[in-house]
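Working through the structure, step by step
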Amino acid sequence: MAAQDTCIAISGLVEKLNTHLGIYTALKQAVEKGDMFPESDVDKHVAKLFLQDFNMCGIHLADREREEVVELNDRILRLGQQFASGCHQPRVVRGEVLPPQIRNMFFVEKNGNIVVSAQHMDSPSDLAREAAYKIYYWREEQQESVLTALLEDRFKLAKLCGYQTFGHRAVANSLGQSPENIGEFLSSLASQLPDRVARDHMAMTNMKKRTNPMASPLAMWDVPYLSGQARGLWFRMDMETVCEYFSLGVAMEGLNELFQSLYGVELVVEETREGEVWAQDVFKLAVKDSTQVLGHIYCDFFRRPDKPIQDCHFTIRGGREKNDGTYQDPVVVLMLNLPPPGWRSPTLLVPSTFDNLFHEMGHAMHSMLGRTK
């Protein structure tokens, strides 16, 4: 909660600054007439981006309306975090709700209630997948209320700042430029997919019928499971055999070799001081080039009770050039939810977790190599 409150407070401060007339006036003058200090091309580009932020936040509005923009942004952030958190909450149902033959496939509490914490996409049981999907995504009135309030506030913000919809505001300065452009692109892409989708649908339907000739038609909860089965059959992938080649240690060594080859930097494990890390299995990496340390990455890779179920990268301290010309090195955290290693076996990565590791490490290395001014 403390981290969430801090995030909201910082975002609120940013929104206030984005509606500050004094800062806007000085920035606009610097962009249009040049700054009193020497500027690089990067400085000029960033200044124009900041100017776009001011315009998106309604800098042209009257004082009370600008205050409303800040209030709406604050509510939108809080509602968004509340909704995202609610999406990952386990669902609890009475044991008798589920057929007896699949109850032991879920976590059963002492009082007989059953906890459904995910979709059970990998279960070979059609019935277990169907039950998990329907329970996990069952209608939740509180979530709907939060989502409705979020969408209403987004629309109010967009209209207040002069946009047709929140979507128009969100993509105004992006590559897509407008929801219409994005819709046209997606429609064009979708028009080329029906034949391919039909072939995949037929292939998965046949796979399901081979397992159970009396099976029901292909449903949403079948697709992830049968897709995985298809990959194994078509590409002859035995996941257990494949995973033996991709332990966490091997993956990290491979990343280190890639970074040395591409960027001339290496990852070096460093000892941590007492009280420096928040869990015993967190380890610290220094990112070094041939002359200096560029920053540090704390690797929080293993699942534990009460840890958020989310793979992510976040910043503890941003890198920046200080007034005296020295550089403040970045410090970031890379967080995954991998099973911890056993006494006799290392942590093995399936393709999806291997992909997540590379994805999040890409964010972390961006922080290390960006050398933000």
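Residue positions are given per chain, counted from 1 along the sequence in the order it is written. For this predicted model, a pLDDT threshold of at least 70 governs which residues receive local features, and a threshold of 80 or more governs which side-chain atom pairs are given and counted, while totals over whole chains, interfaces and linings are taken from all residues. The side-chain numbers reported here are obtained from all heavy atoms of the structure, hydrogens and water having been left aside.

**Focus on the pairing of strand β5 (residues 283-288)**
Strand pairing requires that DSSP identify at least two bridges connecting the strands. In this description a helix means any DSSP run of H or I spanning at least four residues, a strand means any run of E spanning at least two, and both kinds are numbered starting from the N terminus. Pairing analysis gives 5 bridges linking strand β4 (residues 266-270) to β5, with the strands arranged antiparallel. When the bridges of β5 are listed, Val269 appears paired with Leu285. Note that β5 and strand β6 (residues 293-302) share 6 bridges and pair antiparallel. Bridge pairing links Leu285 to Ile297 in β6.

**A few points about the packing of helix α13 (residues 248-263) against helix α14 (residues 351-369)**
Contact geometry of α13 with α14 gives a least axis separation of 12 Å together with a crossing angle of 40°. On the basis of their axis angle, the class for α13 and α14 is oblique. Between α13 and α14 the crossing geometry is right-handed. Contacts from Leu248, Ala251, Met252, Leu255, Leu258, Phe259 and Tyr263 in α13 reach Phe354, Leu357, Phe358, Met361, Met365 and Leu369 in α14. Here the contact of α13 with α14 is composed, by residue class, of 13 nonpolar, no polar and no charged. Each axis is a line fitted through C-alpha atoms, and for a helix only the stretch in contact is used; angles between axes span 0 to 180 degrees, taken between their N-to-C directions. Throughout this description, any angle smaller than 35 degrees is read as roughly parallel, any larger than 145 degrees as roughly antiparallel, any in the 65 to 115 degree range as roughly perpendicular, and the remainder as oblique. A crossing counts as left-handed when the near helix is turned anticlockwise from the far one by less than a right angle, and as right-handed when that turn is clockwise. We call two residues in contact when some of their heavy atoms are within 4.5 Å. Three residue categories are used. Nonpolar comprises Ala, Val, Leu, Ile, Met, Phe, Trp, Tyr, Cys and Pro, charged comprises Asp, Glu, Lys and Arg, and polar comprises the others, including Gly.

**Overview of the pattern of salt bridges**
Charged atoms that come close allow side chains of opposite charge to pair. In what follows, salt bridge is the name for a side-chain nitrogen of Lys or Arg lying within 4 Å of a carboxyl oxygen of Asp or Glu. Counting across every chain of the model gives 18 salt bridges. Note that Glu67 is salt-bridged to Arg64, the shortest N-O span being 3.3 Å. Residue Glu67 and its partner Arg64 are located together in helix α4 (residues 63-87), separated by 3 residues, close to a single helical turn. Relative accessible area decides the class of each residue, using a 1.4 Å probe on protein chains only: under 20% of the type maximum gives buried, over 50% gives exposed, and in between gives partly exposed. Take Glu67: its relative accessible area is 45%, and that puts it in the partly exposed class. Here Asp153 ties to Arg75 by a salt bridge, and the two come within 2.9 Å at their closest N and O atoms. Taken together, the residues span a long stretch of sequence, with Asp153 in helix α7 (residues 141-160) and Arg75 in helix α4 at a distance of 78 residues. The exposure class assigned to Arg75 is partly exposed, which follows from its relative accessible area of 37%. Members of the salt-bridge network, linked through shared partners, are Asp126, Arg129, Lys208 and Asp222.

**Some remarks on the sheet that holds strand β1 (residues 91-93)**
Read from one edge to the other, the open sheet built from 3 strands follows the order β1-β3-β2, with strand pairing classed as antiparallel. A strand with exactly one partner marks an edge of an open sheet, and here the two such strands are β1 and β2 (107-108). One ladder, built from 3 bridges, connects β1 with strand β3 (residues 114-116); its direction is antiparallel. Paired with Arg91 across the two strands is Val116, which belongs to β3.

**Section: the sheet that holds β4**
The sheet built from 5 strands is open, its strands ordered β4-β5-β6-β10-β7 with mixed pairing. In this open sheet, the two strands that pair with only one neighbour each are β4 and β7 (312-317). Averaged over neighbouring strand pairs, the angle between their axes works out to 30° when direction is ignored. Along the sheet, α13 makes contact with β4, β5, β6 and β10 (331-338), crossing β4 at roughly 130°. Against the sheet, α14 contacts β4, β5, β6, β7 and β10, and its axis sits at roughly 175° relative to β10.

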